[in-house]
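Tertiary structure, described
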There are 2 protein chains.
Amino acid sequence: MELTTIREIFKKREEYLDKKVTVGGWVRSIRDSKTFGFIVLNDGSYFNPLQVVYHDKMDNFAEVSKLNVGAAVIVTGTLVATPQAKQPFEIQADEVLIEGASAPDYPLQKKRHTFEYLRTISHLRPRTNTFQAVFRVRSLAAYAIHRFFQERGFVYVHTPLITGSDCEGAGEMFRVTTLDMENVPKNEDGTVDYTKDFFGKETSLTVSGQLNGETYAQAFRSIYTFGPTFRAENSNTTRHAAEFWMIEPEIAFADLEDDMDLAEAMLKYIINYVLENAPEEMNFFNSFVDKGLLERLHNVANSDFARVTYTEAVEILEKNNDKFEYKVSWGCDLQTEHERYLTEEIYKRPVFVTDYPKEIKAFYMKQNDDGKTVAAVDCLVPGIGEIIGGSQREDDYDKLLSRMRELGLKEEDYGFYLDLRKYGSTRHAGFGLGFERCVMYLTGMSNIRDVIPFPRTVNNCEL
Amino acid sequence: MELTTIREIFKKREEYLDKKVTVGGWVRSIRDSKTFGFIVLNDGSYFNPLQVVYHDKMDNFAEVSKLNVGAAVIVTGTLVATPQAKQPFEIQADEVLIEGASAPDYPLQKKRHTFEYLRTISHLRPRTNTFQAVFRVRSLAAYAIHRFFQERGFVYVHTPLITGSDCEGAGEMFRVTTLDMENVPKNEDGTVDYTKDFFGKETSLTVSGQLNGETYAQAFRSIYTFGPTFRAENSNTTRHAAEFWMIEPEIAFADLEDDMDLAEAMLKYIINYVLENAPEEMNFFNSFVDKGLLERLHNVANSDFARVTYTEAVEILEKNNDKFEYKVSWGCDLQTEHERYLTEEIYKRPVFVTDYPKEIKAFYMKQNDDGKTVAAVDCLVPGIGEIIGGSQREDDYDKLLSRMRELGLKEEDYGFYLDLRKYGSTRHAGFGLGFERCVMYLTGMSNIRDVIPFPRTVNNCEL
């Protein structure tokens, strides 16, 4: 069908004013007097709706006037300027075709609904202002990430979802199986006979694509992943989902400084892209969801991120231990309260914390010369805390192997990973950005369930 | 590190000629005489390698000369034109720093390896010409798809991977569970007690995001998904993988014609984008993998796709039944041999076949007025057969419900889907493009295992 989008009308209004247009969309509200009526129409292409005026000269005037919120209509008419009104223009309709009525029990009435209620109708909530804004920003942010990396020559790698390895216990995993659950085949000793499973072995859903990604960085130099990851953690918080998307760039011939430069440039790029391409949505969030949002994002986009070592950060935090529930001392992992204190109170801008104690970080991180710390980095941002975690990777075969042995990792599971240190090893680094946390940060939404179209959490897998 | 990429040197050669540059990369081949040597260097940024000449004036001349294929080096020197040679320029090195040596048993020697062998070293194969080309094209094609839809205002929707529904038996599914496989909890009747599972119910990996996608199309009008999908089919062919990526656009206020227009524009866009952005890789495929590739792709990019109904297609095919293993008659599903005959022999270009018998298509497809067919469409392309399958969706509540009942579907599982027909239903359509099949089509590679970084197939889940 040849329809003009409401976005196009708003963006190129001069071209359409006083011309005939046909738009299709859904009724956000409708009211009528005896001889004419108003429809507020949204077509999903643009945050702001378009006002339609229709008259009793139309044969189906009565039928249209009886339409309910949510009905789909196709309107043909003339776009006219309305200098006296709130909205800049409206359509004077010649014709309103009813594409699909909306039953009287339509769950989205004009009143304001709670986010909790809207979560129970995840198939309809994108029709509300808030979720239309959230999921357009989510889409734009995803695209901004692809653009950022592709413009820089990074190769997008689809690392596998189903995996036979456990990426060093980065989290609880979901099992993937085709075995008959009612009659699980067993070995003589009572253990499960996974040779009968689809892949002939035990398999799970991935918790990270990093190790696979590294193999491609050693071929393409700069790569990124952007795909779903899974955690079967039994935690019912506003920040954890069982299924979420992650971005994991990996760069060869690069150290921790390069890694931070990349992360900083990426975050600024995403923010700027969303501010430029969704100004209406971002204003909406700033007005109705999170008052300080725009100021905070502009601040981040325009400031140099601070950089501090873990050891320095701990010194600063220790002086403020009276403010924290968990007291800080060297060796402890930083809690969200500490992270937010650093970025919000001390630096008042994003901060990279580097060189953490090796005991609290993963086996693959590059060991520093002090024998105590590794070249890890977390990026902390105001309002959230940690948004990015990364590291320079251990590129020395012997050091990596001895650390793996210290931690009791099975060498045979990591042969491919050790190979990377055996055949043309390079200093290299990477990081992970949790995409949902990024969208929460961009929108000010405070519950991860409200930035995922169909969220999966403990005991919740609807639709 | 401040390195110049080989891509940049090739693309902006005038800027770099006779200047000092520093590049980092991996040795593809190396040979030396007594006083100087040559390194062919690839840094993953560009298909063509760069030649490096080094001399015995360097302190580590002997050490460099002993390097093996695969070693990582950082070279600083002057870029000089070589008008007499095959390559346009080379680096006269002042310094060759060894970043990481390559052990003598490096599996990729200069000789040609079979694809079968390379599949056993999926962590190293992207370092070969063929796989460097395949996975760069894969990355570019993915980005082209995002660009195509984003430029047209489509919203990218992340539909869920873990699902409690089965999308009407579109294929065998993988179960997702956190139950203890050695001691599966049971109900009194011996069935599995899924209330104890992570989500409190039976869950699987998705086979399609379409039904979820439709809910967003009824809010945003034009959406697309691009994510992994799974089939637990026990089929060991060159065209099937257990884990693959799909693109599923869905458009509201659109019929089957609009759907075909979109599919045709998308395929042409992808082809043109890849031809423009990976000319070296595409020439390589055309020379070494599939001789007719470029001609075929140019033909597709420049021809109008044919459109024919299933009924017409069957009439054509019936006349040629002597050529087919499976004889064609009205009502049968078309096999690859029939599809390829239509597109390669009859039309000699891509062809859309529409309006299939309803018995061989899914419940959600729009019923045509003839009572026999549905508004389905398959897009067939030369060399492959079906590359896209789509349909206009049934938007009439009563017709959809009665078809669901005919097929014995559980109404309670599809409440959300019926809601879309109850509250502002619109004519709408969509299609699915299997991404791997698309990459095979673009590259001429004939085994799906060779276009997926880490393929998952029956009994195969390595790395």
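Sequence order as written defines residue numbering, which begins from 1 separately in each chain. Naming scheme: in the order in which they are written, chains are lettered from A and ligands are numbered from 1. Local features are withheld for residues below a pLDDT of 70 in this predicted model, meaning they are given only at 70 or higher, and side-chain atom pairs are given and counted only at 80 or more; totals for whole chains, interfaces and linings count all residues. Each side-chain value is derived from all of the structure's non-hydrogen atoms; neither hydrogens nor water enter the calculation.

1. Thoughts on the overall build of chain A
Here a strand is any run of E in DSSP of at least two residues, a helix any run of H or I of at least four, and the numbering for each starts at the N terminus. Within chain A, the regular secondary structure consists of 14 helices and 16 strands. Structurally, chain A occupies a C-alpha span of about 85 × 60 × 45 Å along its principal axes. Of the contacts made within chain A by residues no fewer than 6 positions apart, 67% connect residues no fewer than 24 positions apart. Note on areas: Shrake-Rupley, 1.4 Å probe, and residue coverage restricted to the protein chains presented here. Counting every atom, chain A has about 18,000 Å² of accessible surface; 46% of that belongs to carbon and sulfur. Taking the average place of the 54 positive charges on the side chains of chain A and the average place of its 72 negative ones, the gap between the two points comes to 5 Å. Contact between two residues is taken to exist if any of their heavy atoms lie within 4.5 Å; hydrogens are not considered. A residue counts as positive if it is Lys or Arg and as negative if it is Asp or Glu; His and the chain ends are not included. Charge positions are represented by NZ for Lys, CZ for Arg, CG for Asp and CD for Glu.

2. Regarding unusual backbone geometry
Peptide bonds are mostly trans, and most non-glycine residues show a negative phi. Residue and element names in this part refer to chain A. Of note in the backbone geometry, Asp18 takes a positive phi value of approximately 65 degrees without being a glycine. Take Asp18: it is sitting in the loop between helix 2 (13–16) and strand 1 (20–32). For every residue, the accessible area (1.4 Å probe, protein chains only) is compared with the maximum for its type, and the residue is labelled buried under 20%, exposed over 50%, or partly exposed between those bounds. When its relative accessible area of 60% is taken as the criterion, Asp18 is described as exposed.

3. Topic: the relation of the copies chain A and chain B
The operation linking the two copies of the chain is a rotation about an axis combined with a translation along the axis. Overlaid copies result from least-squares superposition on C-alpha atoms, with residues included only where pLDDT is at least 70 in both. Superposing chain A onto chain B takes a rotation of 180 degrees combined with a translation of 0.0 Å along the rotation axis, leaving an RMSD of 0.0 Å. Such a turn and shift between the copies fits a two-fold axis. Using C-alpha coordinates, one finds that chain A approaches the rotation axis most closely at Val176 of chain A, a distance of 2.5 Å. In this assembly the copies share their binding face: 100% of the residues contributing to the interface of chain A also contribute to that of chain B.

4. Quick look at the interface of chain A and chain B
Taken residue by residue, the interface counts 117 residues in chain A and 117 residues in chain B. Computed with a 1.4 Å rolling probe, the buried area is the accessible surface lost when two parts are put together, summed over both parts. Of the roughly 9,400 Å² buried between chain A and chain B on both sides combined, carbon and sulfur atoms contribute 61%. Among the residues chain A hides against chain B, the three largest losses belong to Met181, Phe253 and Tyr423 of chain A. Together they make up 9% of the total. We count a salt bridge whenever a side-chain nitrogen from Lys or Arg sits within 4 Å of a carboxyl oxygen from Asp or Glu. Our count for the contact surface shared by chain A and chain B stands at eight salt bridges. Put simply, Arg221 of chain A and Asp43 of chain B hold a salt bridge, and the shortest N to O gap is 3.8 Å. Think of a polar contact as two N or O atoms within 3.5 Å of one another; within protein, one of them needs to be a possible hydrogen donor and the other a possible acceptor, and neighboring residues in sequence only count if both atoms come from side chains. Scanning the region where chain A abuts chain B turns up 43 residue pairs in polar contact (both at pLDDT 80 or more). Counting residues per element, the side of chain A that touches chain B draws most heavily on helix 5 (residues 129–151) of chain A, which supplies 12 residues. Two strands pair if DSSP finds at least two bridges between them. Where strand 8 (residues 175–177) of chain A and strand 8 (residues 175–177) of chain B come together, three bridges link them in antiparallel fashion. When the bridges of strand 8 of chain B are listed, Val176 of chain A appears paired with Val176 of chain B.

5. With respect to the pattern of salt bridges
Counting across every chain of the model gives 56 salt bridges over all chains. The salt bridge involving Glu462 of chain A is made with Lys201 of chain B; its shortest N-O contact spans 3.8 Å. Of the two residues, Glu462 of chain A sits in the segment after helix 14 (435–443) while Lys201 of chain B sits in the loop between strand 8 and strand 9 (203–205), which places them in two different chains. Residue Lys201 of chain B is classed as partly exposed on the basis of its relative accessible area of 26%. Salt bridges sharing common partners tie together Glu257, Asp261, Glu264, Lys268 and Arg307 of chain A.

6. Considerations on the sheet that holds strand 3 (residues 50–55) of chain B
All names here are of chain B. Here five strands make up a closed barrel; going around it, the order is 1-2-3-5-4 and the pairing mixed. Taking the axes of each pair of neighbouring strands and ignoring which way they run, one obtains an average angle of 55 degrees across the sheet. With six bridges joining them, strand 2 (residues 36–42) and strand 3 adopt antiparallel strand pairing. Pairing of Leu41 across the sheet is with Leu50, part of strand 3. Where helices are involved, their axes are fitted lines through C-alpha atoms of the stretch in contact, as for all axes, and angles between N-to-C directions lie from 0 to 180°.

7. Some details on the state of the cysteines
Residue and element names in this part refer to chain A. Here, a disulfide means two cysteine sulfur atoms that sit within 2.5 Å of each other. Scanning all chains against the criterion turns up zero disulfides over all chains. With no disulfide of its own, Cys438 has Cys379 as its nearest cysteine by sulfur position, at a separation of 11 Å. Here Cys438 falls in the buried class, since its relative accessible area comes to 2%.

8. Some details on helix 10 (residues 310–318) of chain A
All names here are of chain A. Of the residues making up helix 10, those classed as buried are Tyr310, Ala313, Val314 and Leu317. Considered in projection along helix 10, the buried side chains sweep an arc of 100 degrees and stay on one side of the axis. Of the surrounding elements, those touching the buried residues of helix 10 are strand 12 (306–309), helix 11 (336–346) and strand 13 (351–357). Comment: arc refers to directions from the helix axis out to C-beta atoms.

9. Topic: the packing of helix 8 (residues 279–288) of chain B against helix 9 (residues 293–302) of chain B
All names here are of chain B. Between helix 8 and helix 9, whose axes approach to 8 Å, the crossing angle comes to 120 degrees. Taken together, helix 8 and helix 9 sit at an angle that is classed as oblique. The residues of helix 9 that touch helix 8, namely those facing Met282, Asn283, Phe285 and Asn286, are Leu293, Leu294 and Leu297. Residues belonging to the contact of helix 8 with helix 9 are distributed by class as follows: five nonpolar, two polar and no charged. Oblique is the label for any angle not under 35 degrees, not over 145, and not in the 65 to 115 range, which are roughly parallel, roughly antiparallel and roughly perpendicular in turn. Gly is placed with the polar residues, together with every amino acid not listed as nonpolar (Ala, Val, Leu, Ile, Met, Phe, Trp, Tyr, Cys and Pro) or charged (Asp, Glu, Lys and Arg).

10. Some remarks on a negative patch on the surface
A cluster of like negative charges, contributed by Asp180 and Glu182 of chain A together with Glu188 and Asp189 of chain B, occupies part of the molecular surface. Secondary-structure assignment places Asp189 of chain B in the loop between strand 8 and strand 9. Two joining distances apply to patches: 9 Å for like charges and 5 Å for nonpolar side chains (Val, Leu, Ile, Met, Phe, Trp, Tyr), and every residue must have over 30% relative accessible area and no salt bridge.

11. Some points on the side chain of Thr82 of chain A
Residues and elements named next belong to chain A. Within the secondary structure layout, Thr82 lies in the loop between strand 4 (72–81) and strand 5 (89–100). Engagement of the side chain of Thr82 in a polar contact is seen with the backbone nitrogen of Phe89, the distance being 3.2 Å. What Thr82 contacts, discounting residues up to four positions off in sequence, is Gln87, Pro88, Phe89 and Glu90.

12. Digging into the pairing of strand 11 (residues 243–252) of chain A
Residues and elements named next belong to chain A. Burial analysis of strand 11 places 10 of its 10 residues in the buried class, the great majority of the element. Strand direction decides the pairing type here: strand 11 and strand 16 (residues 428–434), joined by five bridges, are antiparallel. Note on strand 16: the bridge partner recorded for Ala252 is His428.

Shape descriptors only; they carry no functional weight alone.
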